[in-house]
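Survey of secondary and tertiary structure
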Amino acid sequence: QVQLVESGGGLVQAGGSLRLSCAASGHTFSNYAMGWFRQAPGKEREFVAAITWSVGSTYYSDSVKGRFTISRDKAKNTVYLQMNSLNPEDTAVYYCAADWWQRGLLVLASTYDLWGQGTQVTVSS
């Protein structure tokens, strides 16, 4: 069974840091992309960051550029999102997603084929 399992969310004070992890298992794809999205209450799901698995090209939304870093560990089939300088506007449920075919724009949620269960990140002021 192909699945994405996220971990690392929690409560942090403004200015703090968190690292999210997303482990992928049960697949045989080698040339794909992974992304992170987030959804705050009452808002649409928005793109945060993405990385291509084979080359490691990275992409960020303007709202997190310079504060968040996406990376991957090929041996562990895991993608990470290091989040620094967090502020209350970063509060949301964070989802990782896999784009097995890389046929669409990585900033679009509709591009992705599989989603994790989500992990809550809460930043207090």
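As a starting point, this report considers the structure included with it.

Calculation rules
Residues numbered from 1 in each chain as written. Predicted model: local features only at pLDDT ≥ 70, side-chain atom pairs only at ≥ 80, totals over all residues. Heavy atoms only, no water. Salt bridge = Lys/Arg side-chain N within 4 Å of Asp/Glu carboxyl O. Buried < 20%, exposed > 50% of the residue type's maximum accessible area, 1.4 Å probe, protein only. Helix = DSSP H or I, 4+ residues; strand = E, 2+ residues; numbered from the N terminus. Core = buried A, V, L, I, M, F, W, Y, C linked by side-chain atoms within 4.5 Å. Contact = heavy atoms within 4.5 Å. Patch = residues over 30% accessible without salt bridge, like charges linked within 9 Å, V, L, I, M, F, W, Y side chains within 5 Å. Areas by Shrake-Rupley, 256 points an atom, 1.4 Å probe, with all protein chains shown as cover. Phe/Tyr/Trp six-rings, centres within 6.5 Å; stacked < 30°, edge-to-face > 60°. Lys NZ or Arg CZ within 6 Å of the ring centre and 35° of its normal.

Focus on the pattern of salt bridges
- A complete count under the given rule lists four salt bridges for this structure.
- Glu46 is paired through a salt bridge with Arg38; the nearest N and O atoms lie 2.6 Å apart.
- Residue Glu46 is classed as partly exposed on the basis of its relative accessible area, which comes to 35%.
- Classification of Arg38 as buried rests on a relative accessible area of 5%.
- Close ionic contact of Arg67 with Asp90 constitutes a salt bridge, the shortest N to O distance being 2.8 Å. One end of the pair, Arg67, is in the loop between β6 (58–60) and β7 (68–73); the other, Asp90, is in the loop between β8 (78–83) and β9 (92–99), and 23 residues separate them in sequence.
- Since its relative accessible area comes to 1%, Asp90 is described here as buried.
- In this structure, a network of salt bridges that share partners links the residues Arg38, Glu46, Arg67 and Asp90.

Here's the deal with the nonpolar core
- Formed by 28 residues in total, the largest nonpolar core has its most connected members in Met34, Trp36, Leu81, Met83 and Tyr94.
- Looking at this core, the elements that each hand over two or more residues are β3 (18–25), β4 (33–39), β5 (46–52), β7, β8, β9 and β11 (119–124).
- For Met34, the contacting residues outside a window of four places in its chain are Leu4, Cys22, Ala49, Ala50, Ile51, Trp53, Ile70, Val79, Ala97, Ala98 and Tyr112.

Re a nonpolar patch on the surface
- Together, Leu105, Val107 and Leu108 make up an exposed nonpolar region whose accessible area comes to about 270 Å².
- With respect to the helices and strands, the residue Val107 is situated in the loop between β9 and β10 (114–115).
- We classify Val107 as partly exposed; its relative accessible area is 45%.

Quick look at the packing of aromatic side chains
- Applying the stated criterion across every chain yields a total of nine aromatic pairs.
- Taken together, a centroid distance of 5.6 Å and an interplanar angle of 75° make the contact between Phe37 and Phe47 edge-to-face. With a gap of 10 residues between them, Phe37 in strand β4 and Phe47 in strand β5 connect regions that are remote in the sequence. You'll find Phe37 and Phe47 in the same group, each marked buried.
- These aromatic residues form a ring-pair network of at least three members: Phe29, Tyr32, Trp53, Trp100 and Trp101.
- Residue placement shows Arg45 over the ring face of Tyr95; its charged tip is 3.8 Å from the ring centre.
- The ring of Trp115 carries the charged tip of Arg45 above its face, separated from the ring centre by 4.7 Å.

Shape descriptors only; they carry no functional weight alone.
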